[in-house]
Amino acid sequence: MSEYCGCELPENRYYGTDYVWVRLEDDGTFTICVTDPAQTMSGRLQKARIKKAGTHLDDGRHVAALESGKWAGGVSVPFADEVVARKDRA
């Protein structure tokens, strides 16, 4: 496992130039999430709005909007696809 600024970067994920990672699951779907360094820098999450299952997203569109005490912004998808599920609580 790689590390950056004290944050873990598992090697079974694809990292882009943005602050998200993508992991291919066994069933052919993808999991998209915010990287550990981005979570650490932004601080405690205060709000999250995630698109509902069934929503089609074009490349670069936001799948979620996040807000913390230090940062607010969208989480972009690196490719066009459809939301099949979302995790409502961590």
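Structure: see above.
So, how was this worked out
Residues numbered from 1 in each chain as written. Predicted model: local features only at pLDDT ≥ 70, side-chain atom pairs only at ≥ 80, totals over all residues. Heavy atoms only, no water. Helix = DSSP H or I, 4+ residues; strand = E, 2+ residues; numbered from the N terminus. Rg over C-alpha atoms; globule rule 2.2 N^0.38 Å. Buried < 20%, exposed > 50% of the residue type's maximum accessible area, 1.4 Å probe, protein only. Contact = heavy atoms within 4.5 Å. Pairing = 2+ DSSP bridges. Salt bridge = Lys/Arg side-chain N within 4 Å of Asp/Glu carboxyl O. Phe/Tyr/Trp six-rings, centres within 6.5 Å; stacked < 30°, edge-to-face > 60°.

Below, the discussion takes up the overall build of the protein chain. Looking only at helices and strands, one finds 1 helix and 10 strands in the protein chain. Tracing the protein chain from N to C terminus, the helices and strands come up as β-β-β-β-β-α-β-β-β-β-β. The C-alpha radius of gyration computed for the protein chain amounts to 13 Å, which stays within 12% of the reference 12 Å derived for 90 residues, consistent with globular compactness. With the C-alpha coordinates of the protein chain rotated into their principal frame, the extents come out at 35 × 30 × 25 Å. In the protein chain, which comprises 90 residues, the share counted as buried stands at 23%. Sequence-distant contacts, at least 24 apart, represent 35% of the contacts inside the protein chain between residues at least 6 apart.

So, about the pairing of strand E8 (residues 62-68). Two elements, strand E6 (residues 45-50) and E8, share 5 bridges in a ladder whose sense is antiparallel. Directly across from Ala 48, in E8, lies its bridge partner Leu 66. For E8 and strand E9 (residues 72-76), the ladder comprises 5 bridges, and the chain directions are antiparallel. Of the residues in E9, the one forming a bridge with Ala 65 is Gly 74.

Now for the pattern of salt bridges. Under the defined criterion, the tally for this structure stands at 1 salt bridge. One salt bridge in this structure joins Glu 25 and Arg 23, with 2.9 Å as the shortest N-O distance. Look at Glu 25 and you get partly exposed, because its relative accessible area is 25%. Classification of Arg 23 as partly exposed rests on a relative accessible area of 21%.

Within the open sheet, the 3 strands sit side by side as E3-E4-E5. Their pairing is antiparallel. Each of the sheet's edge strands pairs with one partner strand only, and the pair in question is strand E3 (14-15) and strand E5 (30-34).

Taken as a whole and judged by the stated rule, the model has 2 aromatic pairs. Judged by centre distance (5.4 Å) and plane angle (80°), the rings of Tyr 19 and Trp 71 are edge-to-face. Placement of Tyr 19 in the loop between E3 and strand E4 (20-24) and of Trp 71 in the loop between E8 and E9 is noted, with a sequence separation of 52 residues between them. Relative accessible area serves as the criterion here: at 30%, Trp 71 is assigned to the partly exposed category. Ring geometry for Phe 30 and Phe 79: centres 5.0 Å apart, planes at 55°, overall tilted. One end of the pair, Phe 30, is in strand E5; the other, Phe 79, is in the loop between E9 and strand E10 (81-82), with 49 residues separating them in the sequence.

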